[in-house]
Amino acid sequence: MVAISLVYGLLIGAIGIILGFLGFWLYGVVTMQSAKEGARKVIDDAQKEVEAMKREALLGAKEEALKVKNELERESRERRADIQRLEKRLLQKEESIDRKYDTLEKKEEQLAKKDAEAEKLKNELQEIHQRHRRELERISGLSSEEAKALLLQDVEEEIGQEIAIKIRDFEAKAKEEAERRAREIISLAIQRCAADHVTEATVSVVALPNDEMKGRIIGREGRNIRALETLTGIDLIIDDTPEAVILSGFDPIRREVARLALEKLIVDGRIHPARIEEMVEKSQREVEAVIKEEGERASLETGIHGLHPELIKLLGRLRYRTSYGQNVLQHSVEVAYLCGMMAGELGADVTLAKRAGLLHDIGKAVNHEVEGPHVTIGADLAKKYREGQLVVNAIGAHHGDIEAFSVEAVLVQAADAISAARPGARRETLETYIRRLEKLENIADSFDGVEKAYAIQAGREVRIMVKPDKVDDLNAVRIVREIVKRIEEEMEYPGQIKVTVIRETRAVDYAK
């Protein structure tokens, strides 16, 4: 029973398990069916939504395509309208060009007719001209070439005379204005400038306290005078001149050293070779100090600063240098003043003009030691001591040896001529003076048609009388230029020379 009960229990348990499995399987089947139905529903819904979206997109695309189509049609219509307008304008222009072309063809035809008529008239005129020319040649007895040459000659003479008259008038006006302005500037400069000039000679005189001092200066067997002459390079002239000894020499610095040394020896009283050597050395130092002081004084007096110390020393040496009796340092200072004043009147560089004027004769300070003209030496010295290019050019050009590059260089030329040429500035011997005047008159007399020449104004002017029957007004202008050219080429003179040609015609008769 127990076993049966156990079997029944197991059967019931197995049946329960089987039923449980069947129930679970049925539940799974039902669930699966439900899930499939849900999935189908979702898929259907999704398909419906997709269809709806497709329909909306298609509608939107159709609307957009319609808009684009409408826009394109509108633009197409506008372009067709523009093209139609352009075609219309082109047609109008073509019609206008056709009309103009027709007009031009008509004008060309008219011009061709007129050209033909003009050519015909030209040929007729040439024929008439040839007949007239042959008739004129027959009447005048001249060929056309001969008549042309004669006519050209007459025209050239007439025009040449008129041109010469115009040139003479223009030159006269220009010279008058230039001379007036130059006189004004120069007179203002000279009135404002007053420089002293010391006239030096080649000898110096030393006063003696008595004639016995002459013997002491000569010394035993002339040893003192020989020592003094050897140390200074100056000749001592002891003659019958009472209480005076003459020092002779062309070097003014050495002569000044000898003068100072001799004066010191006379005051000291001890005159012998050793003492002479000591006094000469002391005098040389004093002269060198004076040279430096004079150079600095000239620089300060003219307001020129920044000069090289060697240039200042060379300026001081000019204190003892003379040219035609004119002190070169004072001449340089005066030229500097004149340059500055004229530069101020003309609006040029005053400082540059004064600097160039002060240094223009610096070459004269060393021209005994260096070969060459003082103009070249001065320019080389200025370049050596770092002066500006314009200053170097002004120094080199102040006698016309080279071309002047600036207004200031021309002013240095003018100021140098003014300072050297004014009355009393320079001395020259009577013989040299007379020779210069004679040469001036001989140059003028050598020209054909000159009757007589007169040098006046101390050789500053020459007046020339010409024969009126041989020299007309135009030739007078030519003669004065040729005379000026000859004077510039053949003569040396300070300043400038005025040349005046005078042509005078006189008619004389007597009433009886």
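Residues numbered from 1 in each chain as written. Predicted model: local features only at pLDDT ≥ 70, side-chain atom pairs only at ≥ 80, totals over all residues. Heavy atoms only, no water.

Draft legend 1. Representation of the overall build of the protein in the model. Secondary structure assignment for the protein yields 14 helices and eight strands. Residue burial in the protein is summarised as follows: out of 512 residues, 29% are buried. In the protein, 61% of the contacts between residues at least 6 apart in sequence involve partners at least 24 apart. Surface summary for the protein: the accessible area is close to 34,900 Å², and the carbon and sulfur share equals 55%. (Helix = DSSP H or I, 4+ residues; strand = E, 2+ residues; numbered from the N terminus. Buried < 20%, exposed > 50% of the residue type's maximum accessible area, 1.4 Å probe, protein only. Contact = heavy atoms within 4.5 Å. Areas by Shrake-Rupley, 256 points an atom, 1.4 Å probe, with all protein chains shown as cover.)

Draft legend 2. Geometry of unusual backbone geometry. Within the chain, glutamate 221 stands out as a residue other than glycine whose phi angle is a positive 55°. Among the structural elements, glutamate 221 can be located in the loop between α3 (212-218) and α4 (223-232).

Draft legend 3. Inspection of the packing of helix α6 (residues 273-302) against helix α7 (residues 309-317) at higher detail. One way to put it is that α6 packs onto α7 with a least axis distance of 7 Å and a crossing angle of 100°. Between α6 and α7, the crossing angle belongs to the class labelled roughly perpendicular. Contact residues: Ile291, Lys292, Glu294, Gly295 and Glu296 in α6; Ile312, Lys313, Leu315, Gly316 and Arg317 in α7. Broken down by class, the residue content of the contact of α6 with α7 amounts to three nonpolar, two polar and five charged. (Axes fitted to C-alpha atoms, helices over the stretch in contact; angles between N-to-C directions. Parallel < 35°, antiparallel > 145°, perpendicular 65-115°, else oblique. Nonpolar A, V, L, I, M, F, W, Y, C, P; charged D, E, K, R; others polar.)

Draft legend 4. Here's a closer look at helix α5 (residues 252-268). With 17 residues, α5 ought to run about 24 Å at 1.5 Å a step, and its terminal C-alpha atoms sit 24 Å apart, in line with that. Among the residues making up α5, those that are buried are Pro252, Ile253, Arg255, Glu256, Val257, Ala258, Leu260, Ala261, Leu262, Leu265 and Ile266. Glycine 269 occupies a position one or two residues after α5 and carries a positive phi of about 90°. (Expected span 1.5 Å × (residues − 1).)

Draft legend 5. Expanded view of the sheet that holds strand β6 (residues 450-456). An order of β6-β7-β8 is seen for the three strands of this open sheet, with the pairing classed as mixed. The open sheet terminates on both sides in strands that have one partner only, identified here as β6 and β8 (498-503). Each neighbouring strand pair of the sheet contributes to a mean axis angle of 20°, computed without reference to strand direction. Of the pairings in the sheet, the one linking β6 to strand β7 (residues 461-466) comprises six bridges and is antiparallel in character. Counted as the bridge partner of isoleucine 456 is glutamate 461 from β7. (Pairing = 2+ DSSP bridges.)

Draft legend 6. Here's a closer look at the packing of aromatic side chains. The final tally for this structure, using the stated rule, is zero aromatic pairs. Geometry around tyrosine 320 places arginine 319 over its ring, the cationic atom sitting 5.6 Å from the centre. (Phe/Tyr/Trp six-rings, centres within 6.5 Å; stacked < 30°, edge-to-face > 60°. Lys NZ or Arg CZ within 6 Å of the ring centre and 35° of its normal.)

Draft legend 7. Geometry of the environment of alanine 356. With respect to the helices and strands, the residue alanine 356 is situated in helix α9 (residues 350-359). With 21 residues separating them in the primary sequence, alanine 356 and valine 335 have C-alpha atoms 9.1 Å apart. Non-local contacts of alanine 356, meaning those with residues more than four positions away in its chain, are made with Val391, Ala394, Ile395 and Val412.

Draft legend 8. A nonpolar patch on the surface, seen in detail. On the surface, Leu11, Ile15, Ile18, Leu19 and Leu22 cluster together into a nonpolar patch covering about 470 Å² of accessible area. Note that leucine 22 resides in helix α1 (residues 2-140). Among the residues examined, leucine 22 registers a relative accessible area of 42% and is labelled partly exposed. (Patch = residues over 30% accessible without salt bridge, like charges linked within 9 Å, V, L, I, M, F, W, Y side chains within 5 Å. Salt bridge = Lys/Arg side-chain N within 4 Å of Asp/Glu carboxyl O.)

Draft legend 9. Broad picture of helix α10 (residues 374-384). Looking at α10, one finds that the buried residues are His374, Val375, Ile377, Gly378, Ala379, Leu381 and Ala382. Tucked inside the fold, the buried residues of α10 contact α7 and α11 (389-397). Positioned one or two residues after α10, arginine 386 has a phi angle of 65°, which is positive.

Draft legend 10. Quick look at a negative patch on the surface. Taken together, the side chains of Glu94, Glu95, Asp98, Asp102, Glu105, Glu108 and Glu109 present a region of like negative charge at the surface. Within the fold, aspartate 102 resides in helix α1. Note on aspartate 102: relative accessible area 39%, which makes it partly exposed. (Lys, Arg positive; Asp, Glu negative; His and termini not counted. Charge placed at Lys NZ, Arg CZ, Asp CG, Glu CD.)

Draft legend 11. Spatial organisation of the environment of serine 332. Of note, serine 332 is situated in helix α8 (residues 328-346). Owing to a relative accessible area of 0%, serine 332 belongs among the buried residues under this scheme. Distance from serine 332 to aspartate 361, taken between C-alpha atoms, is 6.8 Å for residues 29 residues apart in sequence. Beyond its immediate chain neighbours, meaning those up to four positions away, serine 332 contacts Leu318, Gly357, Leu358, His360 and Asp361.

Draft legend 12. Highlighting the pattern of salt bridges. Summed over the entire model, instances satisfying the criterion amount to 19 salt bridges. For glutamate 256, the salt bridge is made with arginine 259, and the minimal N-O distance between the two is 2.6 Å. One end of the pair is glutamate 256 and the other is arginine 259, both in helix α5 and three residues apart, which spans about a single turn. Salt bridges linked by common partners bring Asp268, Arg270, Arg275 and Glu278 together as one network.

Draft legend 13. Representation of the packing of α6 against α8 in the model. Packing of α6 against α8 brings their axes to within 10 Å, and their N-to-C directions diverge by 15°. Viewed along their axes, α6 and α8 adopt a mutual orientation that is roughly parallel. Handedness of the α6/α8 crossing: right-handed. Residues Glu294, Arg297, Ala298, Glu301 and Thr302 of α6 touch α8, and the partners they reach there are Leu329, Gln330, Val333, Ala336 and Tyr337. Its residues placed into classes, the contact of α6 with α8 shows five nonpolar, two polar and three charged. (Left-handed = near helix turned anticlockwise from the far one by under 90°.)

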